[in-house]
Amino acid sequence: MLGIVTLLVVAAVVALVVQGRRDSMKEARTRSLSVAETFAHAPGVAAALDSRDPTAVLQPRAEEVRRSTGVEYVVVAGTNGIRYTHPDIALIGKRILGPYKDVLEGEAITRTVNASRGLAVSSAVPVERRDGTAAGLVSVGIKVDTINRLAYPSLPLALGAAVVALALTAGGAGLVSRRLGRQTRGLGPAEMTRMYEHHDAVLHAVREGVLILTADGRLALANDEARRLLGLPADAEGRSVTDLGLDPRTAELLASGRVATDELRPAGNRLLAVNLRPTGERGGPPGTVATLRDTTELQAVTGRAQTVRERLLLLYRAGARIGTTLDVTTTAQELAEVAAPGFADCATVDLADSVLRGEEPEPPSGEVMDMRRTAVSGVAPGHPLYPLGRVIGFVPTSTEGIGSSSGHTWVVPDLAASHQWRLPDPEQAARILEYGFHSLLSVPLHSRGVILGMANFWRAGNEAPFDTEDLSFAEELVARAAVSVDNARRYTREHEMAVTLQRSLLPSGLPEQNALDVAYRYLPAQAGVGGDWFDVIPLSGARVALVVGDVVGHGLHAAATMGRLRTTVHNFSTLDLPPDELLSHLDELVVRMDQGEEAGGGGITGATCLYAIYDAVSGRCSVARAGHPGPALVLPDGTVEFPEIPAGLPLGIGGMPFEATELEVPEGSRLVLYTDGLIERRDRDIDDSLEQLRSALAGRERTPEETCDDVLKALLPSRQGDDVALLVARTRTLDPARRVQWQVDPDPAAVAGVRKEAIRWLTERGLDEEGFVTELILSELVTNAIRYGSEPISVRLLHDRALICEVSDCSSTSPHLRYAATTDEGGRGLFLVAQFAERWGTRYTERGKVIWSEQTLDGTPPRGQA
């Protein structure tokens, strides 16, 4: 409401300003024309134009008139268009612009022009001699800015009124909102609308009796149809069903609280089909909901027991067949095939495009609603109905539309006699009648008060037209199908959301590093989203971590769990832990996650992981795995090995340590990491799969990208039942000329020698600019190692994408960054290292620790020079 009033106030203010400017413009036109005519008809003007020096006579008079009338300019020109007067003396003697010849013919002109001083309203009037001939013309103009300023005095009043109106509206809206919030208990408009639609549908729209019973067998709610069928008194709510005067067998069934399906019970002279379902299964209050159908009246209306049995059988078939898949198009086709042939000679289903895309359907807005022909059944080739895929527009709120937004069906017993049915497309209607169709029944597919589509039933061979009995059956059939269509739509939407979530949790690209040439493939399962993941993580010291993992199961939970594990591995990798220690920490974390989520049923049901660290300096790879398939190693000569890596238990079981294995990986070898979806199939032994993988990897030299393509082509089935993550990394080693290492004596005097050797090595490689920072970093790190570490102490420099300084010793004590007090003599070394280095850290080895730092270089080396 506040927004609407704001728009109205703004519109009113704008209208006032526009009207003021319009009135000012009209006044300017009148004034300019009046001044021009007055000056043109003034005595002596025509004679001055015929004199030898018109400017000497007319310029002072023109300027006096301009100043006294407030116009922008008064210009007098001769019949040749040459100016004799102008406020800008430089323009006197120049030809005026515009249609001055029309003015000289006796026609006064008023127009808006771009004058020398800006946009202006200009009026031009001819100066006539006594004999009626034109001696020249007078042009008078007023600037648009001057005109607009005429409207400014009214703005404060209009704005003040707008502010007052907005303040009153805001206050009123706030009071109304607070009152509504208290009365609705904080529910928003959408929630209130859904509650009202549900209540109205249950109590008034359904054609079945509905009872809601509490856990102790008392009647909580009954709709109008239930009151009519059972003959309930007006004060029935709150009383026990055994005290309402019902037949004992009917009352006993209603009070039992058990599940019942279409059980027949008497109610007076009626025979009711009773269905009972508990209300507490989905978190609702304990109790029972009962639905009642009057089978006696149905038989009385039809008078044909055989037809009733056929319809019930057809509904049973519909319940068993419609919705067998979670595909919208398939569900629509199942509805059409159940209805035709049988109930109708032909059935077509049209669905909104948003439903086919899995999006939330939108209520009709009154415009033409586009629906697409999705399913056709019961017709031979060459039928006149719209083909599959054709977009059909219908107007849900007009009387000509098939159905309406309120949910009413449309029955046309005789198509030939119906003018309304012919109206939307007379030519198509004529073809349908010529084909032999004579009766039509159209039912909207509704879900939660929104139209999903239309089901149309046609009769041609069956001479009986559709009647009210057919209408009830069609509505029930379509209502069941609508639930299945909406479920399929929701599944499509949730599946797309899950796929989007999963892809957002996987790496979007590969990090920059020189140790490995990496290619990857990730293929989700066709049945649903899984929990496979992979990662490439650069580490310190020209090392790279390769990770592949798999979370058991499919769906959002598996994808979310995968994201949590991948993030955890990233965090643990920053600690520079060996693979076996990292998996141990990850296993402990998974155990705690399972224990914390056990009550909610959201724990990790199973996960595997393989973690490998490749060192480009030593050419070795350390691998550990937790229940995950081991890697494949393709040597430079094309032979394929499957190294023996201790399997370890899957993550989350706990209690057993993991074991890492060191592999010698020659330069140019390919490490192939994968998940079990690549090699595990129900119809194939895993040893056979490994042999197929060996055959796909062996032989010719290939790039990692080509290797990925060949492996997937050889091993993937036609229908993929599980996710597949594949990671192929070709190894490189760091050129010996780009690395150096020295042993350092445990003497503070040795620091100067380390600095000198480092400067010399940097100078030989053209890294003189890094000398000062490197000297500072090495001085602090070596001094710390000498003072607090233990022998042996060594220094290593690596020239990779960055300049890496490493100082190692045999002590396990790690320095930490702190702020030194003003009175401290030391304690600032690591602080300086952190300030000058891009990154720094500590990693532990079997013999001690390594403190490292990285300095960003102006130019990184080429990828081939790893």
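Whatever comes next refers back to the structure up there.
Residues numbered from 1 in each chain as written. Predicted model: local features only at pLDDT ≥ 70, side-chain atom pairs only at ≥ 80, totals over all residues. Heavy atoms only, no water.

> Help me understand the overall build of the protein chain in this model?
Regarding its fold elements, the protein chain presents 23 helices and 30 strands. Burial analysis of the protein chain (866 residues in total) assigns 45% to the buried set. In the protein chain, of all internal contacts separated by at least 6 residues, the share reaching a separation of at least 24 is 60%. Total accessible area on the protein chain stands at roughly 43500 Å², and carbon and sulfur atoms take up 54% of it. (Helix = DSSP H or I, 4+ residues; strand = E, 2+ residues; numbered from the N terminus. Buried < 20%, exposed > 50% of the residue type's maximum accessible area, 1.4 Å probe, protein only. Contact = heavy atoms within 4.5 Å. Areas by Shrake-Rupley, 256 points an atom, 1.4 Å probe, with all protein chains shown as cover.)

> So what exactly am I meant to see when it comes to helix 12 (residues 328–339) here?
Between its first and last C-alpha, helix 12 extends 17 Å over twelve residues, near the 16 Å set by a 1.5 Å rise per residue. Turning to helix 12, its buried residues are V328, T331, A332, E334, L335, A336, V338 and A339. Between a side-chain oxygen at the N-terminus of helix 12 and the backbone nitrogen of T329 the separation is 3.3 Å; the capping residue is D327. (Expected span 1.5 Å × (residues − 1). Polar contact = N/O pair within 3.5 Å; in protein donor to acceptor, adjacent residues only side chain to side chain.)

> I'm lost on the sheet that holds strand 28 (residues 802–809) in this one. Help?
The strands making up a sheet associate through hydrogen bonds between their backbones, and the pairing can be parallel or antiparallel. Taken in spatial order, the five strands line up as 26-27-28-30-29 in an open sheet, and their pairing is antiparallel. Two strands lie at the open edges of the sheet, namely strand 26 (739–744) and strand 29 (839–844), each paired on one side alone. Neighbour-to-neighbour, the strand axes of the sheet open up by a mean angle of 15°, direction not taken into account. Relative to strand 28, strand 27 (residues 793–799) runs antiparallel, the two sharing six bridges. (Pairing = 2+ DSSP bridges. Axes fitted to C-alpha atoms, helices over the stretch in contact; angles between N-to-C directions.)

> Help me out: how do you make sense of the nonpolar core in this one?
By size, the foremost hydrophobic cluster in this structure holds 55 residues, and its most contacted members are W533, L546, L583 and Y611. The greatest single-element share of this core, amounting to seven residues, is contributed by strand 19 (residues 607–615). Discounting chain neighbours no more than four positions away, the residues touching L546 are L516, D535, V536, L610, Y611, A612, L671, L673, L727 and A729. If you look at the next biggest cluster of nonpolar residues, it comprises 39 residues, including L335, A347, L471 and V485. (Core = buried A, V, L, I, M, F, W, Y, C linked by side-chain atoms within 4.5 Å.)

> I would appreciate a short explanation of the sheet that holds strand 17 (residues 530–539) in the present structure.
Reading across from one edge, 17-18-19-20-23 is the order of the five strands in this open sheet, with antiparallel pairing throughout. If you trace the sheet from one side to the other, it starts and ends with strand 17 and strand 23 (661–664), each paired once. Strand-to-strand twist in this sheet, taken as the mean axis angle between neighbours without regard to direction, amounts to 15°. Sheet strands touched by helix 17 (residues 556–573): strand 17, strand 18 (543–554) and strand 19. Its angle to strand 17, the strand with the most contacts, is close to 15°.

> What is the right way to look at the pattern of salt bridges in this model?
Between side chains of opposite charge, a pair can form when the charged atoms approach closely. Taken as a whole and assessed by the stated rule, the structure comprises 37 salt bridges. For R694, the salt bridge is made with E691, and the minimal N-O distance between the two is 3.6 Å. Placement of both R694 and E691 in helix 19 (residues 686–697) is noted, with a separation of three residues, approximately one turn of the helix. Exposure remark for R694: the relative accessible area of 29% places this residue in the partly exposed category. Residue E691 is classed as partly exposed on the basis of its relative accessible area, which comes to 44%. One salt bridge in this structure joins E764 and R760, with 2.8 Å as the shortest N-O distance. Taken as a pair, E764 and R760 lie in helix 21 (residues 750–764) at a separation of four residues, close to a single helical turn. Overall, the relative accessible area of 40% leaves R760 in the partly exposed class. The structure contains a network of salt bridges with shared partners spanning E757, R760, E764 and R765. (Salt bridge = Lys/Arg side-chain N within 4 Å of Asp/Glu carboxyl O.)

> Explanation requested: the packing of aromatic side chains in the structure shown.
The relative placement of two aromatic rings is captured by the distance of their centres and the angle of their planes. Applying the stated criterion to the full structure yields six aromatic pairs. Taken together, a centroid distance of 4.9 Å and an interplanar angle of 55° make the contact between F343 and F473 tilted. Separated by 130 residues along the polypeptide, F343 in the loop between helix 12 and strand 10 (346–352) and F473 in helix 16 (residues 468–505) bring together distant segments of the chain. F473 sits in the buried class, given a relative accessible area of 5%. Three or more aromatic residues joined by ring pairs make a cluster, and in this case those are F343, F457, F466 and F473. Note that R459 overlies the ring of F343, its terminal NZ or CZ placed 5.7 Å from the centroid. (Phe/Tyr/Trp six-rings, centres within 6.5 Å; stacked < 30°, edge-to-face > 60°. Lys NZ or Arg CZ within 6 Å of the ring centre and 35° of its normal.)

> In this structure, what is going on with the environment of G231? I would like to understand it.
Within the secondary structure, G231 is located in the loop between helix 8 (224–230) and helix 9 (248–256). Since its relative accessible area comes to 55%, G231 is described here as exposed. Residues G231 and L246 lie 15 residues apart in sequence; the distance between their C-alpha atoms is 8.5 Å.

> Could you clarify how one ought to interpret the side chain of D294 in this entry?
Within the secondary structure, D294 is located in strand 9 (residues 287–294). Judged by its relative accessible area of 11%, D294 falls in the buried class. Dropping the residues within four chain positions of it, D294 is found in contact with L229, R270, L271 and L272.

> Would you take a moment to explain the pairing of strand 9 for this structure?
Side-chain direction in a regular strand flips from residue to residue, so the side chains alternate between the two faces of the sheet. Across six bridges, strand 5 (residues 209–214) lies against strand 9 in antiparallel orientation. Looking at the pairing, L213 lines up with T288 of strand 9.

> Help me understand the side chain of S669 in this model?
You can see S669 is positioned in the loop between strand 23 and strand 24 (670–674). Setting aside residues up to four positions removed in sequence, S669 forms contacts with L633, V634, L635, P636, A729, R730 and T731.

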